[in-house]
Amino acid sequence: MRRGRARVGTVAFLSDYGLTDPFVGICHGVIARITPSARVIDLSHGVPPQDVRAGAVQLADSVAYLPPAVMLAVVDPGVGTSRRGVVLVCGAGGALLVGPDNGLLWPAAEALGGVRSVFVLDNPAYQLTPLSRTFHGRDVFAPAAAYLAGGLPAERLGSRVDADGLVRLVLPGPVPREDGLDATVLLVDRFGNLSLDARPADLGAALGATVELRGGAGRWTATVAATFAEAAPAELALIEDASGRLAVAVNQGRAVDRLDAVPGTVLSVRGLPPGHPPARG
Amino acid sequence: MRRGRARVGTVAFLSDYGLTDPFVGICHGVIARITPSARVIDLSHGVPPQDVRAGAVQLADSVAYLPPAVMLAVVDPGVGTSRRGVVLVCGAGGALLVGPDNGLLWPAAEALGGVRSVFVLDNPAYQLTPLSRTFHGRDVFAPAAAYLAGGLPAERLGSRVDADGLVRLVLPGPVPREDGLDATVLLVDRFGNLSLDARPADLGAALGATVELRGGAGRWTATVAATFAEAAPAELALIEDASGRLAVAVNQGRAVDRLDAVPGTVLSVRGLPPGHPPARG
Amino acid sequence: MRRGRARVGTVAFLSDYGLTDPFVGICHGVIARITPSARVIDLSHGVPPQDVRAGAVQLADSVAYLPPAVMLAVVDPGVGTSRRGVVLVCGAGGALLVGPDNGLLWPAAEALGGVRSVFVLDNPAYQLTPLSRTFHGRDVFAPAAAYLAGGLPAERLGSRVDADGLVRLVLPGPVPREDGLDATVLLVDRFGNLSLDARPADLGAALGATVELRGGAGRWTATVAATFAEAAPAELALIEDASGRLAVAVNQGRAVDRLDAVPGTVLSVRGLPPGHPPARG
């Protein structure tokens, strides 16, 4: 029996539903009705509304830390249109991802070893009726995840389709420059840290202990540091964050308030000569 | 044995406690101490503070999607006064609702088939001591729900009283007008959608594909659509939301920012002649 | 077998991670991988970012309401520096607290009967690798709590050290004055109530039914009341909150908006003569 078809019992759930409305709680109820023994791990429901890329990055960042689980992800600006709902069977282990086919699942699928097979969620026997036009998390995706967590084979949920037709989400990646790189802000976290789509290795050995950051009309200097606390209080630092990406942070402060950047902002990171005075933001 | 007295094992919990303080976590702890095997489904703790009507609507919207569960709801501006705490036994199945007798439970009780019996939570043996004056969620309601989830018969929690004495919460409902209707905003969700106290059938067949919305000094036109994405980006749409109510939404935007409405605002919905130019907000 | 070394199965988790990022969900995943049967009770993840004192007070307020559980607390501005991670074995029952040694655990340890033994989390066999510099909740603390919940003896997690070396967090406490007291605002809750570091008994019998509050340039009068609802609507009241502390509240309103206080603000509470007109804020 392939692991993807075995009973996994756990659903890991990520969405942009927030926690001020009962959307998430209702999905929990739906899952409990279908598979009473299922456990649900809420990864995050604070993805910025309809920000598919942020949700995709958060999901991909999380997969290595999860127990065997059906991953249920819903950031779905196209709900009610012809965009498809899918289950992806991934990697050698047959890991299962459920959600809209809009790129949200793609980076996680790659992190799990790539897509092995795809089924479109078109079997109404495993959906709620009446089927709403606006809440497929409740009516389509949570039921699919619950049935999978209960041991239903993925192919029962709908038609097999070719993986080549999936919507892919490709991150912009860092753009190398002679004296540094340009990188896109992917996420801004609760602490105001800016996670960039670049890794420390992308910086190159040539980069000194101080860099210049540019974005829009602004210019700031930042210390390259191993951790927040290595920078002086209120000082900008460029660190490796917990997902292995470069991040702009402020010791005891919020980088986002200093740089006025949002997800999607492109920042330039440039080396400064060794004699440059210490970063003061 | 009536189902309302059988062990159900699950507590579905809704409140206005928010998640920034440990109020909800402490109630989880109280439940786990009393009935270690109980599972708690958090429906929502983001009911606007002390907004009994919003909590009542969220709870009633949720009941159809829950497994057999004791429903625990706390939005309780009168905590510490003479308002009663109650458990309602509802419908043919004996579904159980626990909370303050301030109308919060009423719409859910009706959705569950109506109140069959009522017990006031006046038995101190099933409350925490000392009993606080300000946190009956912790001291009275969570314990009651936990004991019920563990199989305690509802009548053990306190005195039986007449259901006629319950505080009822009656929603305003739509007011039909010659060329449309007036409806109250019940909820504003995370996406900025305004859920109205009216259903699509209330609009009548006479209504065209474009309506005028009026509220306060504002006037807007909106497209009547099946789903968000059917409206042009940034366009106001009148859709059926996931609870079956009419809702004002903006494709890729936030209706609440356009209409400046809050829960309680009355909006007028009026049909426009077929030749009217498409909605532009 | 000492209780602290027995399998407790439950982890109670408090942090300042918030719920908009997947930090908390990832920690849940880590715990489920290590001890699949562990249950996690989320006490609160809304501690103000890096506010060790607020987290310490919330944790200490919660311990009496929890079932036997490993308490996992992470508010950790010094992550990545030389500050230690520790497990504290507390009280006669051997209750277990896991977190950074920065004072966060101290008031809870005292509430649990005092620290009996301390182990530094320096055994890499029970940490994730690679060990990040910025997310010890995921890499050090959640694993430690999960292993303890699964029955691992605390001494396996690292070296035993002397409890005298622990960082202690001592609350400022009330300062008695001839006609009242001065007290520090510890917490501001979702409802805008200000919880003070003083208890009703500190007020003394001499205090009348009306007090004057002073903070910064402001002066307000407040009614001493048993509960919110005893004050007139919009009136300031001084009540005993659910943690047994004095709190400034407004019936149907938000005290924090009236007094413009934050955690750390010192308020003066002074008795007013009995004939003083009723409080009007």
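In the block above lies the structure referred to throughout.
These figures come from a predicted structure and were not determined experimentally.

Below, the discussion takes up the overall build of chain A. Counting its secondary structure elements, chain A contains six helices and 15 strands. Viewed in the frame of its principal axes, chain A has a C-alpha envelope of about 70 × 35 × 30 Å. By residue count, 59% of the 281 residues in chain A fall in the buried class. Counted over contacts in chain A with a minimum sequence separation of 6, partners at least 24 positions apart contribute 68%.

Moving on to the interface of chain B and chain A. In many analyses, interface size is given as the accessible surface area lost on bringing the parts together. Listed per partner, the contact involves 30 residues of chain B and 31 residues of chain A. The contact between chain B and chain A buries some 2300 Å² in all, and 59% of this surface belongs to carbon and sulfur atoms. Where chain B touches chain A, the interface holds zero salt bridges. Summed over the shared surface of chain B and chain A, the number is 12 residue pairs in polar contact (both at pLDDT 80 or more). Elements with a contribution of two residues or more to the side of chain B that touches chain A: strand 2 (39–44), helix 2 (52–62) and strand 13 (236–240) of chain B.

Residue and element names in this part refer to chain A. Looking at where R245 falls in the secondary structure, it is placed in the loop between strand 13 (236–240) and strand 14 (246–250). The exposure class of R245 is buried, given its relative accessible area of 5%. Separated by 2.7 Å, the side chains of R245 and D61 make a polar contact.

Moving on, we get to the pairing of strand 1 (residues 10–15) of chain B. It is a general feature of regular strands that their side chains alternate between the two faces of the sheet. Residue and element names in this part refer to chain B. Of all six residues making up strand 1, six are buried, and the element is well covered by its neighbours. Burial of strand 1 is two-sided: the residues T10, A12 and L14 facing one way and the residues V11, F13 and S15 facing the other way are all buried. Both strand 1 and strand 2 contribute to a ladder of five bridges, which runs parallel. Considered in strand 2, the bridge of A12 is made with I41. After leaving strand 1, the chain enters helix 1 (residues 23–34) and then returns to the sheet as strand 2, a path that is right-handed. Of the strand pairs in this sheet, strand 1 and strand 3 (residues 70–74) are connected by five bridges, and their pairing is parallel. Each residue of the ladder has a partner; that of A12, found in strand 3, is M71.

Let us now look at helix 4 (residues 136–149) of chain B. Residue and element names in this part refer to chain B. The first and last C-alpha atoms of helix 4 sit 18 Å apart over 14 residues, in line with the 20 Å expected at 1.5 Å per residue. The sharpest bend along helix 4 comes to roughly 35 degrees, located at A142, with the proline P143 sitting one to four residues further on. Counting buried positions along helix 4 yields 13 of 14 residues, so the element is predominantly enclosed. At the C-terminal side of helix 4, G151 shows a positive phi close to 110 degrees.

Contacts between the two partners involve 30 residues from chain C and, on the opposite side, 31 residues from chain B. Both sides of the chain C and chain B interface together cover about 2300 Å² of buried area, and 59% of this is carbon and sulfur. If you sort the residues of chain C by the area they bury against chain B, Y65(C), R190(C) and F191(C) come out on top, with a joint share of 31%. For the interface between chain C and chain B, the tally reads zero salt bridges. Between the two partners, chain C and chain B, sit 12 residue pairs in polar contact (both at pLDDT 80 or more).

Its rotation angle being 120 degrees, the transformation that places chain C on chain B also includes 0.0 Å of axial translation and leaves an RMSD of 0.0 Å. Each copy turns onto its partner about a three-fold axis. Across chain C, the rotation axis passes nearest the C-alpha of L19(C), at a separation of 5.0 Å. Comparing interface residues between copies, only 13% of those in chain C also sit at the interface in chain B, which points to a heterologous contact through distinct surfaces.

Geometry of an aromatic ring pair is reported as the spacing of the ring centres plus the angle between the planes. Under the counting rule described, the total for this entry stands at 15 aromatic pairs over all chains. Look at F191(A) and F23(C): their rings are 6.3 Å apart centre to centre, the planes differ by 35 degrees, and that puts the pair in the tilted class. Taken together, the residues span two chains, with F191(A) in the loop between strand 9 (180–188) and strand 10 (194–196) and F23(C) in helix 1 (residues 23–34). Neither residue differs from the other here; F191(A) and F23(C) are each classed as buried. Taken together, the aromatic side chains of Y17(A), F23(A), F135(A) and F191(B) make up a single cluster linked through ring pairs.

On to helix 1 of chain B, then. With 12 residues, helix 1 of chain B should cover 16 Å at 1.5 Å per step; its first-to-last C-alpha distance of 17 Å lies within 8% of that length. Burial runs high along helix 1 of chain B: 10 of the 12 residues are buried. The complete set of buried residues in helix 1 of chain B reads F23(B), V24(B), G25(B), I26(B), C27(B), H28(B), G29(B), V30(B), I31(B) and A32(B). Those residues of helix 1 of chain B that are buried are in contact with strand 1, strand 2, strand 3 and helix 4 of chain B together with strand 2 (39–44) and helix 2 (52–62) of chain C.

For the rest of this paragraph, the subject is the sheet that holds strand 7 (residues 160–161) of chain C. All names here are of chain C. Here we have seven strands laid out as an open sheet, ordered 2-1-3-5-4-6-7, and mixed in their pairing. The open sheet has two free edges, formed respectively by strand 2 and strand 7, since each of these has just one partner strand. Note that strand 4 (residues 85–90) and strand 5 (residues 95–100) share six bridges and pair antiparallel. Its bridge partner being in strand 5, V89 is matched across the sheet by L96. Its contacts with the sheet place helix 1 against strand 1 (10–15), strand 2 and strand 3 (70–74), and it is angled at close to 155 degrees to strand 1.

Glancing now at the packing of helix 1 of chain B against helix 4 of chain B. Residue and element names in this part refer to chain B. Contact pair helix 1 / helix 4: the axes reach a minimum separation of 9 Å and the direction vectors enclose 40 degrees. Relative to helix 4, the element helix 1 is oriented oblique. The element helix 1 and its partner helix 4 pack so that their crossing is right-handed. In contact with I26, C27, V30, I31 and I34 of helix 1, helix 4 contributes G137, R138, A142, P143, A146 and Y147. Taken together, the residues of the contact of helix 1 with helix 4 sort by class into nine nonpolar, one polar and one charged.

What counts as what
- Per chain, the residues get numbers from 1 upward, laid out in the order the sequence is written.
- Chain letters start at A and ligand numbers start at 1, both assigned in the order the entries are written.
- Local features in this predicted model are restricted to residues whose pLDDT is 70 or higher, and side-chain atom pairs enter the listing and the counts only when it is 80 or higher, whereas totals over whole chains, interfaces and linings include all residues.
- No hydrogens and no water enter the side-chain calculation; it runs on all heavy atoms of the structure.
- The helix count covers DSSP runs of H or I at least four residues long, the strand count covers runs of E at least two residues long, and both are numbered beginning at the N terminus.
- For every residue, the accessible area obtained with a 1.4 Å probe (protein chains only) is divided by the maximum for its type, and the residue is called buried under 20%, exposed over 50%, and partly exposed between those limits.
- Contacts are assigned to residue pairs with any non-hydrogen atoms lying within 4.5 Å of each other.
- Accessible area that two parts lose when put together, with a 1.4 Å probe and added across both, is what the buried area reports.
- Here, a salt bridge means any Lys or Arg side-chain nitrogen found within 4 Å of an Asp or Glu carboxyl oxygen.
- In the analysis that follows, any N or O atom pair within 3.5 Å is treated as a polar contact, provided that within protein one partner can donate a hydrogen and the other can accept it, and provided that, for residues neighboring in sequence, both atoms belong to side chains.
- Two strands pair if DSSP finds at least two bridges between them.
- With the strands aimed away from the viewer, a crossover counts as right-handed if its path from the first strand over the helix to the second runs clockwise.
- One fewer than the residue count of a helix, multiplied by 1.5 Å, yields its expected span.
- Bend at a given residue is defined as the angle between two axes, one fitted to the seven residues that end at that position and one fitted to the seven that begin there.
- In superposing the copies, a least-squares fit is computed on C-alpha atoms, taking residues whose pLDDT is at least 70 in both.
- Here a Phe, Tyr or Trp ring, Trp counted by its six-membered ring, pairs with any other such ring whose centre lies within 6.5 Å, and the pair is stacked when the planes are under 30 degrees apart, edge-to-face when over 60, and tilted otherwise.
- To get an axis, fit a line to the C-alpha atoms, keeping to the stretch in contact for a helix; angles then go from 0 to 180 degrees between the N-to-C directions.
- In what follows, roughly perpendicular refers to angles from 65 to 115 degrees, roughly parallel to angles under 35, roughly antiparallel to angles over 145, and oblique to any angle outside these ranges.
- Here a crossing is taken to be left-handed if its near helix is turned anticlockwise relative to the far helix by less than a right angle, and right-handed if that turn runs clockwise.
- Classification convention: Asp, Glu, Lys, Arg as charged; Ala, Val, Leu, Ile, Met, Phe, Trp, Tyr, Cys, Pro as nonpolar; all other residues, Gly among them, as polar.

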